[in-house]
Amino acid sequence: MVKSFSDIMAKVKECSPKTVAVAVAQDDAVLEACKAAKERGIANAILVGDADKIKEIAASLSMDINDYEVIDVKDVTEAAHTAVKLVHDGKADMYMKGLIDTKGFLKSVLDKEVGLRTGKPLSHVCVFDVEGVDKLLFLTDVAFIPYPTLEDKVNIINNTVEICNACGIDNPKVAPLAAVEVVNPKMPATVDAAELVKMNEEGKITGCIVDGPLSMDLAICPEAAEHKGCTDRKIVGDADILLFPDIHAGNICYKAMVHTAKVINGNMITGTKAPVILTSRSDSFEVKVNSLALGAVVAEAMKNK
């Protein structure tokens with residue numbers, strides 16, 4: 001079973017060659033990530049955008065631009081349209097955001113003619129390799145759906161289970177998080193959590209084990225579960241998927257982990273026909289590379305499926 005990003009990188013080596021199409025590629029961090037991804041055997045890149053600026057940045061990075069296909073499209077919207085069409089038409093396996101605002105990027109993802117719609121709602125997942133935790137943690141949704149409804153949470157679980165499966169994690173354990181581990185009618189997150197458990201038990205949510213509501217400590221710390229006398233739960237500090245009640249809780253947790261703990265992580269949009277790499281402007285170069293590695297593994301699973 002995959003337990004770390006080292007395992008994901010090893011899994012990439014088992015995949016067929018992958019290509020990422022980059023929308024508006026004239027971005028230093030993105031081009032640096034594409035260079036590293038190529039050097040590490042993760043993926044090749046098709047760079048769509050202002051060719052002059054792409055070549056200028058590439059030169060500053062000692063990046064041999066002759067190793068990449070560059071498609072010169074000066075207009076930002078048209079560049080995104082061109083890049084996503086490459087993925088839609090099967091000429092690339094992944095789609096990555098470059099120097100374009102998130103709204104414009106997502107508009108291209110959802111384009112009815114050349115986008116990557118599946119009919120399912122989209123959601124976001126962050127995969128974390130945390131020092132001291134002997135497994136990967138899948139945090140969702142920390143960046144896309146502000147206040148997920150019960151129906152949204154079902155879709156988020158389904159989307160994230162597919163990512164877990166691609167990473168070699170079968171029947172992942174899903175923890176709908178709340179401040180407490182008991183149902184309180186005055187705390188909607190706990191009510192939703194209990195309903196999700198019921199739906200899982202009734203076979204309406206499949207391919208995973210759902211247990212909630214759970215506080216964060218009970219979800220990821222076996223010692224806390226034992227201390228609180230919760231060892232009879234389905235999840236005893238061994239959750240794979242952490243389902244947040246809203247974007248505030250998720251985003252705060254994500255940024256606290258990134259900026260205070262020793263972690264390795266990668267992010268992607270789920271619910272699309274192909275992996276969509278959408279990282280934060282404050283994410284490091286390595287996060288972008290890790291996200292491409294994650295995308296390559298997911299793309300391979302989608303191809304085999």
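Going by the structure above, here's the rest.
Keep in mind the model is a prediction, meaning the values are calculated, not measured.

Asks: Just checking my understanding: could you explain unusual backbone geometry for this structure?
Replies: In most cases, non-glycine residues show a negative phi, while peptide bonds are predominantly trans. In this model, Thr140 is joined to Asp141 through a cis peptide bond whose omega is -15 degrees. At the junction of Gly212 and Pro213, the peptide bond is cis and its omega measures out at 0 degrees in the coordinates. Relative to the elements of secondary structure, Pro213 occurs in the loop between strand S8 (209-210) and helix H8 (216-220). Backbone geometry places Ser62, a non-glycine residue, at a positive phi of 55 degrees. With respect to the helices, strands and loops of the structure, Ser62 is situated in the loop between helix H3 (51-60) and strand S3 (69-72). A relative accessible area of 64% means that Ser62 is categorised as exposed.

Asks: Just checking my understanding: could you explain the environment of Arg233 for this structure?
Replies: As for its position among the elements, Arg233 is in the loop between helix H9 (222-227) and strand S9 (241-243). Exposure remark for Arg233: the relative accessible area of 21% places this residue in the partly exposed category. Sequence separation between Arg233 and Leu214 is 19 residues, and the spatial gap between their C-alpha atoms is 9.7 Å. Not counting the four nearest positions on each side in its chain, Arg233 is found in contact with Glu181, Asp211, Gly212, Pro213 and Leu214. Side chain to side chain, Arg233 and Asp211 meet in a polar contact 3.0 Å long.

Asks: Hey, could you run me through the pattern of salt bridges in this one?
Replies: Any two side chains of opposite charge can pair, on the condition that their charged atoms come close. All chains considered together, the criterion is met by 16 salt bridges. Between Arg40 and Glu286 there is a salt bridge whose closest N-O contact spans 3.1 Å. Taken together, the positions of Arg40 in the loop between helix H2 (28-39) and strand S2 (44-49) and Glu286 in helix H11 (residues 285-304) put the pair 246 residues apart, joining distant regions of the chain. Residue Arg40 is classed as partly exposed on the basis of its relative accessible area, which comes to 33%. A single salt-bridge network, built from bridges that share partners, covers Lys18, Glu300 and Lys303.

Asks: Explain the side chain of Ser123 to me, please; I cannot follow it from the model alone.
Replies: Position of Ser123 among the secondary structure elements: in strand S5 (residues 123-130). Judged by relative accessible area, Ser123 falls into the buried class, the value being 1%. For Ser123, the side chain forms a polar contact with the side chain of Asn159, separated by 2.9 Å. Contact partners of Ser123, with chain neighbours within four places excluded, come to Asp141, Phe144, Ile145, Ile156, Asn159, Met268, Ile269 and Thr270.

So, how was this worked out
- Residues numbered from 1 in each chain as written.
- Predicted model: local features only at pLDDT ≥ 70, side-chain atom pairs only at ≥ 80, totals over all residues.
- Heavy atoms only, no water.
- Helix = DSSP H or I, 4+ residues; strand = E, 2+ residues; numbered from the N terminus.
- Buried < 20%, exposed > 50% of the residue type's maximum accessible area, 1.4 Å probe, protein only.
- Contact = heavy atoms within 4.5 Å.
- Polar contact = N/O pair within 3.5 Å; in protein donor to acceptor, adjacent residues only side chain to side chain.
- Salt bridge = Lys/Arg side-chain N within 4 Å of Asp/Glu carboxyl O.

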